[in-house]
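Residue-level listing of the chains:
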Amino acid sequence: VIQGIDRIDSASNSVDPAPGWATEALALAEAQPERARTLASRALVAAGASGDTATACDALQALGLAAREAGELALAAEHLRAAITLATANGLTPHAVGARTSLALVLLYLGETRQALEQTDLAADSARGTARGRVLHQRALLLQRLGRPAEAHVCYRQALRIFRRHHDAIWEARVLLNRGVLLTD
């Protein structure tokens, strides 16, 4: 599925259906991983043909998320690292942030806790707005699972401030839910 990435030229982005497929794949990755794989694979091939690096990054991230949901953690890490490499090489910072945030959880599941936290640090350093809040939320979840509740609470508090400032009620609710679980443990 990753073949053709080397042919992507960021200067020649064109309009095609691939962005829609990649976006839908990202949305479905957790609930319908097989459908997400199909859409993401299609999007990746089309993005490679058209030179749409942003769509290729989204497709790779969706493939990584779908592999994670299927329990294929090494494959998930491979796809997510490819998304990070492609995004970074093409100056697509928001895409790199998203892929790093996803990779952090995969690395935690693989037992690579130091690397997982490093990915959230790298993502947080370049994330802005609600994307930064999502990174902090992910870091809090990692810290919570690692048995570091005080540090997790700090990250949840920072994320909550961001989501409230940006009036993002859905992410605010996610933070409150997870912070509530932390406080009841």
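Above this text is the structure in question.
Here's what I pulled together on the structure shown here.

Rules behind the numbers
Residues numbered from 1 in each chain as written. Predicted model: local features only at pLDDT ≥ 70, side-chain atom pairs only at ≥ 80, totals over all residues. Heavy atoms only, no water. Helix = DSSP H or I, 4+ residues; strand = E, 2+ residues; numbered from the N terminus. Expected span 1.5 Å × (residues − 1). Buried < 20%, exposed > 50% of the residue type's maximum accessible area, 1.4 Å probe, protein only. Contact = heavy atoms within 4.5 Å. Core = buried A, V, L, I, M, F, W, Y, C linked by side-chain atoms within 4.5 Å. Axes fitted to C-alpha atoms, helices over the stretch in contact; angles between N-to-C directions. Parallel < 35°, antiparallel > 145°, perpendicular 65-115°, else oblique. Left-handed = near helix turned anticlockwise from the far one by under 90°. Nonpolar A, V, L, I, M, F, W, Y, C, P; charged D, E, K, R; others polar. 1 Å grid on protein atoms, 1.4 Å probe; cavity = no way out; pocket = protein on both sides within 12 Å on 5 of 7 lines; lining within 4 Å. Points joined across faces, edges and corners; volume = space filled by probe spheres on them. Phe/Tyr/Trp six-rings, centres within 6.5 Å; stacked < 30°, edge-to-face > 60°. Lys NZ or Arg CZ within 6 Å of the ring centre and 35° of its normal.

Before going further, it helps to examine helix 2 (residues 33–50). End to end, helix 2 covers 25 Å across 18 residues, agreeing with the expected 26 Å (1.5 Å per residue, within 8%). Among all positions of helix 2, only P33, A36, R37, L39, A40, A43, L44, A46, A47, G48 and S50 are buried. Those residues of helix 2 hidden inside the fold are in contact with helix 1 (18–28) and helix 3 (53–69). Two residues or fewer past helix 2, G51 is found with a positive phi of approximately 80 degrees.

A few words on the nonpolar core. Membership of the largest hydrophobic core comes to 56 residues, with the highest contact counts inside it found for L142 and Y156. Look past the residues within four positions of L142 in its chain and what remains in contact with it is A104, L105, L108, A116, L117 and T120.

Turning our attention to the environment of L141. Considering the arrangement of structural elements, one finds L141 in helix 7 (residues 129–145). Through-space distance from the C-alpha of L141 to that of N178 is 7.6 Å; in sequence the pair is 37 residues apart. Not counting residues up to four positions away in its chain, the partners in contact with L141 are Y156 and N178.

So, on to the environment of Q32. By the element assignment, Q32 lies in the loop between helix 1 and helix 2. Distance from Q32 to A70, taken between C-alpha atoms, is 10.0 Å for residues 38 residues apart in sequence.

Right, let's talk about unusual backbone geometry for a bit. For H167, which is not a glycine, the phi torsion comes out positive at approximately 55 degrees. Checked against the element boundaries, H167 lands in the loop between helix 8 (149–165) and helix 9 (169–184).

The next thing to look at is the packing of helix 6 (residues 113–126) against helix 7. Where helix 6 meets helix 7, the closest approach of the two axes is 9 Å, and the angle between their N-to-C directions is 165 degrees. When the interaxial angle is binned, helix 6 and helix 7 end up roughly antiparallel. Judged by the twist between their axes, the crossing of helix 6 over helix 7 is left-handed. Residues A116, L117, T120, D121, A123, A124 and D125 of helix 6 touch helix 7, and the partners they reach there are R132, V135, R139, L142 and L143. Split into classes, the residues belonging to the contact of helix 6 with helix 7 amount to seven nonpolar, one polar and four charged.

Turning to the packing of helix 7 against helix 8, a few remarks are in order. One way to put it is that helix 7 packs onto helix 8 with a least axis distance of 8 Å and a crossing angle of 160 degrees. Taken together, helix 7 and helix 8 sit at an angle that is classed as roughly antiparallel. Here the hand of the crossing between helix 7 and helix 8 comes out left-handed. Here helix 7 contributes G129, T130, R132, G133, R134, L136, H137, R139, A140, L141, L143 and Q144 to the contact with helix 8, which in turn contributes E151, A152, C155, Y156, Q158, A159, I162 and F163. Taken together, the residues that form the contact of helix 7 with helix 8 break down as ten nonpolar, six polar and four charged.

The next thing to look at is the layout of surface pockets. Each pocket or cavity is described by its volume, and for the largest pocket that value is around 790 Å³. Along the wall of the largest pocket there are 25 residues; nearest its centre are E30, S102, R134, W171 and R174. For the lining of the largest pocket, the residue count by class is twelve nonpolar, eight polar and five charged.

Moving on, we get to the packing of aromatic side chains. The way to describe two aromatic rings as a pair is by their centre distance and the angle between their planes. Within the structure shown, the criterion is met by one aromatic pair. Both rings, one in F163 and one in W171, keep their centres 5.6 Å apart while their planes meet at 25 degrees; by these two values the pair is stacked. With respect to class, F163 is no different from W171; both count as buried. One residue, R42, lies across the ring of W21, its end atom 5.1 Å from the ring centre. Across the ring face of W171, the terminal group of R174 is positioned such that the distance to the ring centre comes to 4.3 Å.

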